[in-house]
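Structure at a glance
Residue strings, one per chain:
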Amino acid sequence: MIIVGAGTGGYSTALRAAQLGLDVALVEKAKVGGTCLHWGCIPTKAILQTAEVAEHAQDAEDFGVLADYQGIEVAALNAHKDGVVDKMWKGLQGALKGRGVETVEGTATFTGPKSVSVETEDGTRDLSAPAMVIATGSVPVELPFATYDGERVINSDHALFLDELPESAIVLGSGAVGMEFATAWSAFGVEVTIVELLDRLLPLEDADSSKEVARAFRKRDHLTAMTSTKLTEVATDDDGVTATIETAKGDTETLEADLLLVAVGRRPVTQDMGMESTGVEIDDKGFVVVDEYSRTNVDGVYAVGDVIPTLGLAHASFAEGFLVADQLAGLDVVPIDYKGVPRVTYSHPEVASVGYTEAEATDEGFEVVIEKYPFQALGRAAMMKATGMVKVVAEADEEAEGGAGRVLGIHMVGPRATDLIAEGQLIYNWEALPSDVAHFIHAHPSLGEAIGEAHLAQAGVGVDEVGDVAG
């Protein structure tokens, strides 16, 4: 098989397929690991880890620790980030080599449904195979009125390689990328203004999660969030950037900053690479059209990762890679339930969810019952001075304990939410009832107790019945 693109979707397909005995050629024009490893998940979270340390240092006195916070050394920050990426990259290269995957470095052009021509340093190499996997990934969306110059108007790729921090920044978009950079930069003392077109931050998350995040962000230093605000014009000069906005009240204003980070999403890479020669169907947004098994309309041709219109998450593309490899090896497979894939944002506080939002469940015709539990009620969270909540969306069922049937969604805002959602994933995917989870005994004191307490309450076993939640 040939795989074009060695990001998370591509290399997971390669590793699994090779493990199952297939001969694999993995074509990559840059570095194996793709966006996630080099320009996305890993470097951004390394920066956010530095931001967390900076926040601890700034708040140290609240915990009885005397510390002298003097700011951020950008060169050291970048060295830490680059060191993490390099370690992971070397590990991936070793894994591919160990599995016998042939990595072909060069730029691929499709020459047919199952063939490519690769421009390498040594010349042109033609490859063909019985199966082809398209894993060409995505790039940041560029707006016509805010074209990237890499200095004043930047995307997330540029933001990872700044030699110095700006004094001020405008972040356009409050999805995961925008929220994470806004978190890190504000922790470092950058004056950040978030501009979001829709009426709430993280608009794809549950409305209560958005409210909780907005409440927390209002308390953060160096951070202002503007929702229901449209950016209409951008001008740059040697001193910075001036953005014209239309506010929620209909007023026209200008914002000035050192730079503008455009974080409004990513688009699939399907242009200017001979994709038309494959006969594969492409939709009007540039995505490769696939069925629930990641199969295109051309027999033997598959697509995974950001190039298909599923969740743009590295762990989802990893699962898609396994789904394809297992099919090609003749194994029985089950389509991915994308509702059961955890969605995570590493802002401070963290945000994580799985399953349906309350609005989605209602729109699907479910009668729902809701339970929310605050992290503030936990002893462990009190020690951390942490806030947030766990929200459980369950299907109403009069015959179930507490009137709550199958759990349809779990939503978290708070410390380590991106780790805690692992339990939420099990609850949703196993179609558990709140009463099932109520039997679990969570360690005390721990953050995981919030999950247990929310399900206890929803099963009709509240705090009054089980004792004082604070211990």
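Calculation criteria
- Residues numbered from 1 in each chain as written.
- Predicted model: local features only at pLDDT ≥ 70, side-chain atom pairs only at ≥ 80, totals over all residues.
- Heavy atoms only, no water.
- Pairing = 2+ DSSP bridges.
- Helix = DSSP H or I, 4+ residues; strand = E, 2+ residues; numbered from the N terminus.
- Axes fitted to C-alpha atoms, helices over the stretch in contact; angles between N-to-C directions.
- pLDDT = per-residue confidence, 0-100.
- Contact = heavy atoms within 4.5 Å.
- Core = buried A, V, L, I, M, F, W, Y, C linked by side-chain atoms within 4.5 Å.
- Buried < 20%, exposed > 50% of the residue type's maximum accessible area, 1.4 Å probe, protein only.
- Salt bridge = Lys/Arg side-chain N within 4 Å of Asp/Glu carboxyl O.
- Left-handed = near helix turned anticlockwise from the far one by under 90°.
- Parallel < 35°, antiparallel > 145°, perpendicular 65-115°, else oblique.
- Polar contact = N/O pair within 3.5 Å; in protein donor to acceptor, adjacent residues only side chain to side chain.
- Phe/Tyr/Trp six-rings, centres within 6.5 Å; stacked < 30°, edge-to-face > 60°.
- Lys NZ or Arg CZ within 6 Å of the ring centre and 35° of its normal.

Sheet topology note: the strand E13 (residues 230-237)/strand E14 (residues 240-246) ladder contains seven bridges and is antiparallel. Across the sheet, residue Glu 233 finds its bridge partner in E14, namely Thr 244. What sits between the antiparallel neighbours E13 and E14 is a turn of two residues.

Pairing is parallel in the open sheet, where five strands are placed in the order E3-E2-E1-E7-E18. Whereas interior strands pair on both sides, the edge strands pair on one side only; in this sheet they are strand E3 (102-105) and strand E18 (301-303). Along the sheet, successive strands turn relative to each other by an average axial angle of 20 degrees, direction set aside. Bridge count for strand E2 (residues 25-28) against E3 is four bridges, and the pairing is parallel. Each residue of the ladder has a partner; that of Val 27, found in E3, is Val 104.

Bringing the confidence of the model for the chain into the picture now. For the chain, per-residue confidence averages 95 on the pLDDT scale, and 98% of positions sit at 70 or higher. The model gives residues 464-471 a pLDDT under 50, and that stretch makes 12 contacts with residues more than four places away or in other chains.

Turning to the nonpolar core, a few remarks are in order. If you look at the biggest cluster of nonpolar residues, it comprises 33 residues, and the most contacted ones within it are Trp 185, Phe 188, Val 192, Ile 194, Val 213 and Leu 261. Among the elements of the structure, helix H3 (41-58), strand E10 (168-172), helix H6 (176-187), strand E11 (191-195), helix H7 (207-218) and strand E16 (259-262) are those that each provide at least two residues to this core. Sorting elements by how many residues they give to this core places H6 first, with six residues. Not counting the four nearest positions on each side in its chain, Val 192 is found in contact with Ala 169, Val 171, Ala 182, Trp 185, Ser 186, His 222, Leu 223 and Thr 224. Judged by nonpolar contacts, the second largest core, of 29 residues, contains Ala 381, Val 407, Leu 408 and Ala 454.

What follows is about the sheet that holds E16. With parallel pairing, the five strands of this open sheet are ordered in space as E9-E16-E10-E11-E12. Each having just a single partner strand, strand E9 (153-154) and strand E12 (223-226) make up the two edges of the open sheet. Sheet contacts for H6: E9, E10, E11, E12 and E16; angle to E11, the most-contacted strand, approximately 165 degrees.

What follows is about the pattern of salt bridges. Scanning the model with the defined rule gives 15 salt bridges in all. Arg 16 is the salt-bridge partner of Asp 326, the closest N and O atoms lying 2.7 Å from each other. Of the two residues, Asp 326 sits in helix H8 (residues 314-328) while Arg 16 sits in helix H1 (residues 8-19), which places them 310 residues apart along the sequence. Comparing Asp 326 with Arg 16, the two get one shared label, buried. Here Glu 395 ties to Arg 406 by a salt bridge, and the two come within 3.9 Å at their closest N and O atoms. Residue Glu 395 is found in strand E22 (residues 389-396), and its partner Arg 406 is found in strand E23 (residues 404-414); the two are separated by 11 residues along the sequence.

Here the focus is the packing of H3 against H6. How two helices pack is summed up by the angle between their axes together with the distance between the axes. Where H3 contacts H6, the two axes come as close as 9 Å, and the packing angle between them is 40 degrees. Our pair here, H3 against H6, has a crossing hand that is left-handed. Contact residues: Thr 44, Lys 45, Ile 47, Leu 48, Ala 51, Ala 54, Glu 55 and Gln 58 in H3; Glu 180, Phe 181, Thr 183, Ala 184 and Ala 187 in H6.

Moving on, we come to the packing of H3 against helix H4 (residues 74-98). Contact pair H3 / H4: the axes reach a minimum separation of 9 Å and the direction vectors enclose 140 degrees. Relative to H4, the element H3 lies oblique. The crossing of H3 and H4 is right-handed. Each of Ile 42, Pro 43, Ala 46, Ile 47 and Thr 50 in H3 lies in contact with H4, whose residues at this interface are Leu 77, His 80, Lys 81, Val 84, Val 85 and Met 88.

Before going further, it helps to spend a moment on the environment of Glu 102. Within the secondary structure, Glu 102 is located in strand E3. Each C-alpha atom, one on Glu 102 and one on Ala 14, is 9.2 Å from the other, the two residues being 88 residues apart in sequence. If sequence neighbours within four positions are ignored, Glu 102 has contacts with Val 24, Ala 25, Leu 26 and Arg 125. A polar contact of 2.7 Å, which involves the side chain of Glu 102, links it to the side chain of Arg 125.

This part takes up helix H13 (residues 449-458). Counting buried residues in H13 gives nine out of 10 residues, a clear majority hidden from the surface. Within the span of H13, buried status applies to Glu 449, Ala 450, Ile 451, Gly 452, Glu 453, Ala 454, His 455, Leu 456 and Gln 458. Of the residues trailing H13, Gly 460 is marked for its positive phi of about 90 degrees.

One pass over the structure, following the stated rule, counts four aromatic pairs. Between Phe 181 and Trp 185, the aromatic rings sit 5.5 Å apart at their centres with planes inclined by 50 degrees, giving tilted as the arrangement. Highlighted residues: Phe 181 and Trp 185, both in helix H6, separated by four residues, approximately one helical turn. Pair check on accessibility: Phe 181 and Trp 185 agree, each one buried. Aromatic side chains Tyr 356 and Phe 366 sit 5.7 Å apart centroid to centroid with 65 degrees between the ring planes, which places their arrangement in the edge-to-face category. Highlighted residues: Tyr 356 in the loop between strand E20 (350-355) and helix H9 (358-363) and Phe 366 in the loop between H9 and strand E21 (368-374), separated in sequence by 10 residues. Among the residues examined, Tyr 356 registers a relative accessible area of 16% and is labelled buried. Counting every residue linked through ring pairs, the aromatic cluster contains Tyr 11, Phe 318 and Phe 322. In this structure, Lys 339 is placed above the aromatic ring of Tyr 356, and the distance from its NZ or CZ to the ring centre is 5.0 Å.

As a further point, take the environment of Val 334. Here Val 334 shows up in the loop between H8 and strand E19 (343-345). Judged by relative accessible area, Val 334 falls into the exposed class, the value being 67%. Sequence-wise, Val 334 and Asp 419 are 85 residues apart; in three dimensions their C-alpha atoms are separated by 25 Å.

Right, let's get into unusual backbone geometry. The omega torsion of the bond from His 348 to Pro 349 falls at 10 degrees, within 30 degrees of zero and hence cis. Among the secondary structure elements, Pro 349 is positioned in the loop between E19 and E20. Of the consecutive residues His 444 and Pro 445, the connecting peptide bond is found in the cis state with omega at -5 degrees. The backbone phi angle of Ser 294 is positive, close to 65 degrees, even though this residue is not glycine. Here Lys 385, not a glycine, exhibits a phi torsion of approximately 55 degrees, which is positive. As for its position among the elements, Lys 385 is in the loop between helix H10 (379-384) and E22. The exposure class assigned to Lys 385 is exposed, which follows from its relative accessible area of 53%.

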